[in-house]
Amino acid sequence: MTILVTGGLGFIGSHTVVELIKNNYEVVIADNLANSKLEVLERLYQITGVRPIFYQIDVTDEALVEEIFRKHKFAGLIHFAGLKAVGESVEKPLDYYYNNIVSTMVLSKMCLRYQVDKFVFSSSATVYGEQPSPLREDMELKPRTNPYGETKAISERILIDTARANENFAVSLLRYFNPIGAHESGLIGEDPNGIPNNLMPFVTKVAKGLLVKLSVFGHDYDTVDGTGVRDYIHVVDLARGHVRAIEGLDTGVSIYNLGTGKGTSVLELVNAFIRVNGVDVPYEFVGRRSGDVATCFADVSKVERELGWKAELTIEDMVRDAWGFEQGGE
Ligand code: NAD
Ligand code: UDP
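Parameters and conventions
- Residues numbered from 1 in each chain as written.
- Chains lettered and ligands numbered in written order.
- Predicted model: local features only at pLDDT ≥ 70, side-chain atom pairs only at ≥ 80, totals over all residues.
- Heavy atoms only, no water.
- Helix = DSSP H or I, 4+ residues; strand = E, 2+ residues; numbered from the N terminus.
- Rg over C-alpha atoms; globule rule 2.2 N^0.38 Å.
- Contact = heavy atoms within 4.5 Å.
- Areas by Shrake-Rupley, 256 points an atom, 1.4 Å probe, with all protein chains shown as cover.
- Lys, Arg positive; Asp, Glu negative; His and termini not counted.
- Charge placed at Lys NZ, Arg CZ, Asp CG, Glu CD.
- Near = heavy atom within 4 Å.
- Polar contact = N/O pair within 3.5 Å; in protein donor to acceptor, adjacent residues only side chain to side chain.
- Nonpolar A, V, L, I, M, F, W, Y, C, P; charged D, E, K, R; others polar.
- Pairing = 2+ DSSP bridges.
- Axes fitted to C-alpha atoms, helices over the stretch in contact; angles between N-to-C directions.
- Core = buried A, V, L, I, M, F, W, Y, C linked by side-chain atoms within 4.5 Å.
- Buried < 20%, exposed > 50% of the residue type's maximum accessible area, 1.4 Å probe, protein only.
- Salt bridge = Lys/Arg side-chain N within 4 Å of Asp/Glu carboxyl O.

> What exactly am I supposed to notice about the overall build of the protein chain here?
The helix and strand tally for the protein chain stands at 11 helices and 14 strands. Relative to the globule expectation of 20 Å for 330 residues, the C-alpha radius of gyration of the protein chain, 19 Å, shows essentially globular dimensions. For the protein chain, the C-alpha atoms occupy an extent of roughly 55 × 45 × 40 Å along the three principal directions. A separation threshold of at least 6 residues defines the contact pool for the protein chain, and within that pool the share at least 24 residues apart is 79%. Carbon and sulfur atoms form 49% of the exposed surface of the protein chain, whose accessible area is close to 14,600 Å². One way to put it: in the protein chain the 33 positive side-chain charges average out to a point 2 Å from where the 45 negative ones average out.

> It is not clear to me how the site of ligand 2 should be interpreted in this structure. Could you clarify?
What surrounds ligand 2 is a group of 14 residues, the closest being Ser215, Phe217, Arg230, Arg289 and Asp292. At 2.9 Å, a backbone N or O of Phe217 approaches an oxygen atom of ligand 2. Measuring from an oxygen atom of ligand 2, one finds a side-chain N or O atom of Arg230 at 2.7 Å. Contact with the protein chains hides 87% of the accessible area of ligand 2, taken as 520 Å² for the molecule alone. Its residues placed into classes, the shell around ligand 2 shows six nonpolar, five polar and three charged.

> I keep staring at the sheet that holds strand β6 (residues 170-176) and nothing clicks. Help me out?
Either a parallel or an antiparallel arrangement is found when strands of a sheet pair, and the pairing is made through backbone hydrogen bonds. Pairing is parallel in the open sheet, where seven strands are placed in the order β3-β2-β1-β4-β5-β6-β11. Looking along the sheet, the strands with just one partner apiece sit at the ends: β3 (53-55) and β11 (253-258). Within the sheet, the average angular offset between the axes of one strand and its neighbour, ignoring direction, is 20 degrees. As paired elements, strand β2 (residues 26-30) and β3 share three bridges and run parallel to each other. Residue pairing across strands places Ile29 opposite Phe54, the latter belonging to β3. The strands that helix α8 (residues 235-248) touches are β1 (2-6), β4 (76-79), β5 (118-124), β6 and β11; relative to β6, the one it contacts most, it runs at about 160 degrees.

> So what exactly am I meant to see when it comes to the sheet that holds strand β12 (residues 264-265) here?
In space, the three strands of this open sheet follow the order β12-β9-β14, with mixed pairing throughout. Taken across any chain shown, the strands that pair with only one partner, and hence form the sheet edges, are β12 and β14 (295-296). The pairing of strand β9 (residues 229-230) with β14 spans two bridges and is classified as parallel. Opposite Val229, over in β14, you have Thr295 as the bridge partner.

> What's the story with the nonpolar core in this structure? I'm lost.
Side chains that are nonpolar tend, in soluble globular proteins, to be buried together. Of all hydrophobic cores here, the largest spans 46 residues; its most connected members are Leu20, Ile29 and Leu44. Within the residue set of this core, elements represented by two or more residues are β1, α1 (11-22), β2, α2 (39-48), β6, α8, β11 and α10 (301-307). Not counting residues up to four positions away in its chain, the partners in contact with Ile29 are Val5, Gly8, Leu9, Val17, Leu41, Leu44, Pro52, Ile53, Phe54 and Tyr55. If you look at the next biggest cluster of nonpolar residues, it comprises 26 residues, including Ala30, Val102, Leu107 and Ile255.

> In this structure, what is going on with the site of ligand 1? I would like to understand it.
In the region of ligand 1, 26 residues are neighbours, and Asp31, Asn35, Ser36, Lys84 and Tyr148 sit closest. Here an oxygen atom of ligand 1 and a side-chain polar atom of Lys152 are 2.9 Å apart. Computed on the free molecule, ligand 1 has an accessible area of 820 Å², of which 95% lies beneath the protein chains in the complex. Among the elements of the structure, α1, β5 and α6 (147-165) are those that each provide at least two residues to the shell around ligand 1.

> Honestly, the environment of Glu268 in this entry has me stumped. Any pointers?
Inspection of the secondary structure puts Glu268 in helix α9 (residues 266-277). The spatial distance from the C-alpha of Glu268 to the C-alpha of Asp225 is 8.6 Å, given a sequence separation of 43 residues. In this structure, Glu268 is in contact with Val224, Asp225 and Gly263, ignoring residues within four places of it in sequence.

> Looking at this model, I keep getting lost on the pattern of salt bridges. Mind explaining?
For side chains bearing opposite charge, pairing can occur when the charged atoms are close. The full count for this structure, using the stated rule, is 22 salt bridges. Of the charged contacts, one joins Lys92 and Glu88 as a salt bridge, the two residues approaching to 3.8 Å between their closest N and O atoms. Here Lys205 and Glu326 are joined by a salt bridge, their closest N and O atoms 3.2 Å apart. Separated by 121 residues along the polypeptide, Lys205 in helix α7 (residues 199-207) and Glu326 in helix α11 (residues 315-328) bring together distant segments of the chain. Look at Lys205 and you get buried, because its relative accessible area is 15%. Of the residues examined, Glu326 reaches a relative accessible area of 8% and is grouped as buried. Shared partners join several salt bridges into a network, and the residues in it are Glu19, Lys22 and Arg240.

> Mind showing me how you'd approach the pairing of β11 here?
Looking along a regular strand, one sees side chains alternate from face to face of the sheet. For β11, the tally of buried residues reaches five of six residues, placing the bulk of the element in the interior. One ladder, built from six bridges, connects β6 with β11; its direction is parallel. Counterpart to Arg175 in the pairing with β11 is Asn257.

See the structure below:
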């Protein structure tokens, strides 16, 4: 069975490719390298012993996408390709709306045209907006404060309506919480261009001495120690969730939170990193980052009940593997 993985050289996509290959799927990757490097393909070969077929294309380009659908018979696709920097999406809204929404439309259209009836989509906890945690899949989606979040909500809507109108088209909307960590080999991981926006890659760069210190955004939240609380999930657990989602997809629309169900504060994560890896991470408290919520974590009972999937790796595994990748990445 062949699965098309868009954005398969990126952070979550590359880990999912590893898990798909481990589960005997053939993988075709489409990625335009907007936020990844060709070298990842070689790393995937080193980890799995298999070279996935790779197309360097932009998945908003309908003609190029159609060529791939003509060449291969896909059992399903996982659509990771997208732009994901919240701050940048405020500055370049059109780039985000175009890339993230047109790609979803082009791929759905090709699925219908070529009878590919399983579509797994990378959504995000951001679609819940500012609602109290634990966040449940049946909660109403609130307006987002940034274009990135809107692109996820709109893509979800497009896929839901398309599935409603086409009974053979089955859709799985996976709402990720905070994926961190890396493959245990240290060969693939999160490698953002420039200064990282997210906490974990920032911490690993400070630990390595590439950045001077971490700014902790806010320490006056109503949380365990005043710093923001998130539901961090090991990227390998998340990748395994995709394999379960593809396998479990039958008809209609399924929506699942992929998280651990547990909240961890910024200071708890930083202290775990220091303790497990035996390295120092200098930090200072600064003001809150605009748009941040105090606490965000998932209710994960639905995915466990329906797909039998549950995150297994711990915060210690996450910080160890994130550091392993940062060191391997020299
Ligand atoms: P990433 O940037 O590492 O991977 C995305 C990949 O898609 C990159 O390799 C990039 O080159 C490629 N890409 C982007 N636009 C493309 C296009 N038009 N055509 C072809 N390739 C294109 O990001 P990631 O962290 O692996 O995220 C994967 C998906 O999961 C994204 O859709 C993201 O919005 C979503 N998501 C990520 C997080 C997170 O915290 N990392 C959280 C929630 C949702
Ligand atoms: N954070 C921080 N310093 C940073 C980056 C993030 O203190 O340099 C905090 C942020 O305020 C939030 C948590 O770390 O409480 C996770 O932030 P991230 O950007 O990784 O994820 P998101 O905000 O999207 O959940």
